[in-house]
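Listed below, chain by chain, are the residues.
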Amino acid sequence: MRAIRGLWRWRRNPLRRATDLAEAWVAMAALVLIVVAAPLLGSFVGAAAQDSLQRSVRQQQHDRHLVLATVVRKLGGAPVEPDPDATSVHDTRSRVLADWTAPDGTRQEGPVLTTIKSPHKGDHFDVWTDRQGVVTARPLDTATATTHAVLAGFGAALLAAGLVEGGRRTIVWRMVRRRYARWDQAWDRAGPDWGKAGTGS
């Protein structure tokens, strides 16, 4: 709105300088870019991220499998930090030696993490593996992927708006510096005559 008011104010003002009109046009261009281009860029980035992430979701859900593991024995050491992907940040994990059957039918055994608070031999719990039975992270879910895509789009729009505003401020700052330099030159030319009788006659 400042840009529109600035253009209107300088439309036929006799005190208007070329730099005043240029500043108003720069502000108008920045406003249009922020209001139109930044959201469009954000939508494009968000849509691209959504497409890529949803492909990852489908691939991970196809490649990763939930299998039932059995505790062989608890492994020593301090409790492991909570899983950032867990439903609760208070889900402290324990390290155990477990065995399980891979989706391809092979028997596997190795150290894994479990949310069982006090694991004992024979306890069962779920673990994510690939087709060969190698333990892997849980697959990305659709809702989380969509959230990441929305955040990516929003971040791209904010970044674009910030860059446009930064560019506008830089341009105006240079214009103001140039204007002040011209004023200094004008004052330097007029300065030696200050205070003299008959100045301006």
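Relevant structure appears above.
These remarks concern the structure in this document. (Residues numbered from 1 in each chain as written. Predicted model: local features only at pLDDT ≥ 70, side-chain atom pairs only at ≥ 80, totals over all residues. Heavy atoms only, no water.)

### Some points on the overall build of the chain
Turning to step 1, where the next piece is worked out: Each helix and strand counted, the chain has 3 helices and 4 strands in total.
Turning to step 2, where the next piece is worked out: Put simply, the chain runs from its N terminus to its C terminus through helices and strands in the order α-α-β-β-β-β-α.
Turning to step 3, where the next piece is worked out: For the chain, the proportion of its 201 residues judged to be buried stands at 25%.
Turning to step 4, where the next piece is worked out: Here the contacts in the chain between residues at least 6 apart in sequence split such that 65% fall between residues at least 24 apart. (Helix = DSSP H or I, 4+ residues; strand = E, 2+ residues; numbered from the N terminus. Buried < 20%, exposed > 50% of the residue type's maximum accessible area, 1.4 Å probe, protein only. Contact = heavy atoms within 4.5 Å.)

### Description of the side chain of Gln54
Turning to step 1, where the next piece is worked out: Assignment of secondary structure puts Gln54 in helix 2 (residues 18-63).
Turning to step 2, where the next piece is worked out: Residue contacts for Gln54: discarding those within four places in its chain leaves Thr142, Ala145 and Thr146.

### Some thoughts on the pattern of salt bridges
Pairs can form between side chains of opposite charge whenever their charged atoms are close.
Turning to step 1, where the next piece is worked out: Under the criterion given, the structure shown has 4 salt bridges.
Turning to step 2, where the next piece is worked out: In this structure, Arg107 engages Asp99 in a salt bridge whose closest nitrogen and oxygen atoms are separated by 3.5 Å.
Turning to step 3, where the next piece is worked out: A salt bridge links Arg169 to Glu165; its shortest N-O distance comes to 2.9 Å. Taken together, the residues span about one helical turn, with Arg169 and Glu165 both in helix 3 (residues 142-190) at a distance of 4 residues.
Turning to step 4, where the next piece is worked out: Assessed through its relative accessible area of 55%, Arg169 is described here as exposed. (Salt bridge = Lys/Arg side-chain N within 4 Å of Asp/Glu carboxyl O.)

### Section: the pairing of strand 4 (residues 124-129)
Turning to step 1, where the next piece is worked out: Because side chains alternate across strand 4, one face comprises the buried residues Phe125, Val127 and Thr129, and the other comprises His124, Asp126 and Trp128, none of which is buried.
Turning to step 2, where the next piece is worked out: Relative to strand 4, strand 1 (residues 65-74) is paired through 6 bridges, and the arrangement is antiparallel. Directly across from Val67, in strand 4, lies its bridge partner Val127. (Pairing = 2+ DSSP bridges.)

### Things to note about the environment of Pro119
Turning to step 1, where the next piece is worked out: Positionally, Pro119 belongs in the loop between strand 3 (107-114) and strand 4.
Turning to step 2, where the next piece is worked out: In contact with Pro119, not counting residues within four places along its chain, are Val71, Lys74, Ser94 and Val96.

### What to know about the nonpolar core
Turning to step 1, where the next piece is worked out: If you look at the biggest cluster of nonpolar residues, it comprises 9 residues: Val67, Ala69, Val71, Val96, Ala98, Trp100, Val112, Phe125 and Val127.
Turning to step 2, where the next piece is worked out: Of all elements in the fold, only strand 1, strand 2 (94-101) and strand 4 reach the threshold of two or more residues within this core.
Turning to step 3, where the next piece is worked out: Those residues in contact with Val67 that lie beyond four places of it in its chain are Trp100, Thr101, Pro103, Phe125, Asp126, Val127 and Thr129. (Core = buried A, V, L, I, M, F, W, Y, C linked by side-chain atoms within 4.5 Å.)

### Remarks on the pairing of strand 1
Turning to step 1, where the next piece is worked out: In this sheet, strand 2 lies alongside strand 1 in antiparallel orientation, the contact comprising 5 bridges. Bridging across to strand 2, Val71 finds its partner in Ala98.

### Let's talk about the sheet that holds strand 2
Turning to step 1, where the next piece is worked out: Taking strand neighbours across the sheet as the criterion, the 4 strands line up as 3-2-1-4 in an open arrangement whose pairing is antiparallel. With partners counted over all chains shown, the strands left at the sheet margins are strand 3 and strand 4, one partner each. Strand-to-strand, the axes of this sheet are offset by a mean angle of 45 degrees, without reference to chain direction. (Axes fitted to C-alpha atoms, helices over the stretch in contact; angles between N-to-C directions.)

### Concerning helix 3
Turning to step 1, where the next piece is worked out: Taking 1.5 Å per residue as the helical rise, helix 3 with its 49 residues ought to reach 72 Å, and the 72 Å between its terminal C-alpha atoms agrees with that figure.
Turning to step 2, where the next piece is worked out: Restricting attention to buried positions, one finds in helix 3 the residues Ala145, Ala149, Gly153, Ala156, Ala157, Ala160, Ala161, Val172, Met175 and Arg179. (Expected span 1.5 Å × (residues − 1).)

### Details of a nonpolar patch on the surface
Turning to step 1, where the next piece is worked out: Nonpolar side chains collect at one region of the surface, where Val32, Val35, Val36 and Leu40 lie side by side and expose about 370 Å² of accessible area between them.
Turning to step 2, where the next piece is worked out: Its place among the elements puts Val35 in helix 2.
Turning to step 3, where the next piece is worked out: When its relative accessible area of 54% is taken as the criterion, Val35 is described as exposed. (Patch = residues over 30% accessible without salt bridge, like charges linked within 9 Å, V, L, I, M, F, W, Y side chains within 5 Å. Areas by Shrake-Rupley, 256 points an atom, 1.4 Å probe, with all protein chains shown as cover.)

### Structural notes on the environment of Ala30
Turning to step 1, where the next piece is worked out: Looking at where Ala30 falls in the secondary structure, it is placed in helix 2.
Turning to step 2, where the next piece is worked out: Residues Ala30 and Val164 lie 134 residues apart in sequence; the distance between their C-alpha atoms is 6.0 Å.
Turning to step 3, where the next piece is worked out: If we skip the residues at most four places from it in the chain, Ala30 touches Val164 and Arg168.

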